[in-house]
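Observations on the model geometry
Each chain, letter by letter, is given below.
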Amino acid sequence: MILEVALIDVVPGQEDQFAAAYRTARPVLTGTEGCRSVRMTRGVESPSRFVLLVEWDSVEAHLKNFRDTERFVEWRALIGPHFANPPLVEHFLDVPAEQS
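Residues numbered from 1 in each chain as written. Predicted model: local features only at pLDDT ≥ 70, side-chain atom pairs only at ≥ 80, totals over all residues. Heavy atoms only, no water.

1. Considering empty space enclosed by the protein
Take a probe with the size of a water molecule and roll it over the atoms, and the empty space left behind shows itself. Within this structure, the stated rule accounts for one cavity of 30 Å³ or more. Considering only enclosed or pocket space, the largest cavity measures out at about 120 Å³ in volume. Along the wall of the largest cavity there are 15 residues; nearest its centre are Glu4, Leu52, Phe72, Trp75 and Val89. Secondary-structure elements contributing two or more residues to the lining of the largest cavity are β1 (2-9), α2 (59-67) and α3 (70-79). The leading source of residues in the lining of the largest cavity is α3, at four residues. Per-class residue counts for the lining of the largest cavity are 11 nonpolar, one polar and three charged. (1 Å grid on protein atoms, 1.4 Å probe; cavity = no way out; pocket = protein on both sides within 12 Å on 5 of 7 lines; lining within 4 Å. Points joined across faces, edges and corners; volume = space filled by probe spheres on them. Helix = DSSP H or I, 4+ residues; strand = E, 2+ residues; numbered from the N terminus. Nonpolar A, V, L, I, M, F, W, Y, C, P; charged D, E, K, R; others polar.)

2. A closer look at the environment of Thr32
Mapped onto the elements, Thr32 comes out in the loop between α1 (15-30) and β2 (35-42). On the accessibility criterion, Thr32 (3% relative accessible area) is buried. Sequence-wise, Thr32 and Leu53 are 21 residues apart; in three dimensions their C-alpha atoms are separated by 15 Å. The residues contacting Thr32, other than those within four sequence positions of it, are Trp56, Asn65, Phe66 and Arg71. Of the polar contacts made by the side chain of Thr32, one reaches the backbone oxygen of Val28; its length is 3.1 Å. (Buried < 20%, exposed > 50% of the residue type's maximum accessible area, 1.4 Å probe, protein only. Contact = heavy atoms within 4.5 Å. Polar contact = N/O pair within 3.5 Å; in protein donor to acceptor, adjacent residues only side chain to side chain.)

Written out as structure tokens, the structure is:
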């Protein structure tokens with residue numbers, strides 16, 4: 001399992017519009033093959049900053065099943081107008097709690 005983390009800075013004053021756009025766009029993401037879960041969080045100290053957390057089967061599932069498809073174009077068309085700048089997106093692996 002891969003965790004995609006996207007740091008999203010929204011244009012100040014457009015936070016509520018962004019959250020509404022996310023609610024509309026979320027099914028585009030959750031309906032993608034290889035997508036296990038989706039969670040959006042909002043900053044307490046920085047309310048214009050959001051963090052998107054997506055669990056994928058693999059990096060390839062994210063890239064081939066979403067980023068390289070019309071699903072991504074649709075997703076970005078819905079939420080992108082509220083971005084203050086392009087999101088910072090990285091993939092992460094879990095660190096085992098116990099050594100094998």
